[in-house]
Amino acid sequence: MFRCGIAYPRCRWIVPLLLLFAIIFDIIAIAATSGWVEDEDAKTHYASMWEQCRGRNDIWDCKTLMEFPWAMAVAALMIIGLLILIVAFIISCVALCCTLNFTLLPLIGGMLVLVVILQVIALIVYPCEFNEMIFEGHYYYTWAYGFGWGATILCIGCAVLFCCMPRYEDELTGLKKVKYLYTSA
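Note that the structure is predicted; figures quoted are calculated from it, not measured.

## Brief notes about the UniProt feature "transmembrane region" (unreviewed entry) in the protein
In the numbering used here, UniProt assigns the feature "transmembrane region" (unreviewed entry) to residues 12-37, 70-97, 104-126 and 146-168. What you have in residues 12-37 is 69% helix and 4% strand, and the ends, taken at the C-alpha atoms, are 37 Å apart. Helix makes up 96% of residues 104-126 and strand 0%. Its end C-alpha atoms lie 33 Å apart.

## Examining the nonpolar core
A general feature of soluble globular proteins is that nonpolar side chains tend to end up buried together. Membership of the largest hydrophobic core comes to 46 residues, with the highest contact counts inside it found for W36, L85, L105, L112, Y126 and F162. When residues of this core are traced back to their parent elements, those giving at least two are helix 2 (14-31), helix 3 (69-98), helix 4 (105-133) and helix 5 (143-164). Ranked by residues supplied to this core, first place goes to helix 3 with 12 residues. Discounting residues that sit within four places of it in the chain, W36 has contacts with A29, A47, S48, M49, L123, Y126, Y140, Y141, T142, A144 and Y145.

## As for the packing of aromatic side chains
Tallied over the entire structure, the rule returns 10 aromatic pairs. Judged by centre distance (4.8 Å) and plane angle (65°), the ring pair of W36 and Y126 falls under edge-to-face. Here W36, found in the loop between helix 2 and strand 2 (37-39), pairs with Y126, found in helix 4; they are 90 residues apart in sequence, far enough to count as distant. Pairing Y145 with W149 gives two aromatic rings, centres 6.5 Å apart and planes at 80°, and the pair type is edge-to-face. Within this pair, Y145 and its partner W149 are both found in helix 5, separated by four residues, close to a single helical turn. Grouped by ring-pair contacts, the aromatic residues W36, F68, W70, Y126, F130, Y141, Y145 and W149 constitute a single cluster.

Parameters at a glance
Residues numbered from 1 in each chain as written. Predicted model: local features only at pLDDT ≥ 70, side-chain atom pairs only at ≥ 80, totals over all residues. Heavy atoms only, no water. UniProt positions renumbered as here; feature names shortened; annotations may be inferred. Helix = DSSP H or I, 4+ residues; strand = E, 2+ residues; numbered from the N terminus. Core = buried A, V, L, I, M, F, W, Y, C linked by side-chain atoms within 4.5 Å. Buried < 20%, exposed > 50% of the residue type's maximum accessible area, 1.4 Å probe, protein only. Contact = heavy atoms within 4.5 Å. Phe/Tyr/Trp six-rings, centres within 6.5 Å; stacked < 30°, edge-to-face > 60°.

Given below as structure tokens:
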């Protein structure tokens, strides 16, 4: 006999795991020393969230971006978003892994929406302002910047899941009978 169904009690572990991945992606994006912006082949100019470097033949002149107000705002928004994300992760572990506390799930969803708003603003301000600083060549936003967007996209998905989870309380607690998608006799 073949039975195929959704085991909701096991699914409640997945969302905190996704939040953990979002935290890791955010840490990679914030801590990267390069990888936010590069010119073609990263031969003469590259930048992170914190500094930009220009040079040739492995002789680089690096200057901080923190002297610009927009760069300080981007850093602040990304770090505040990361801190709220860490708090949301801790609360989600308590609400879903230790005990089942469904009253905390909309709160976590709201926190994740706030994280998304902060990080989207930061990830849009950075290229707009950085592009005004440069006038020559072709530049690409690369891997570390992509990790920032990856964390934001994971937060969007998790926010939706946390806002929808209270509707499936019986399934998550195991009180409702499993509905099988297919049974064969």
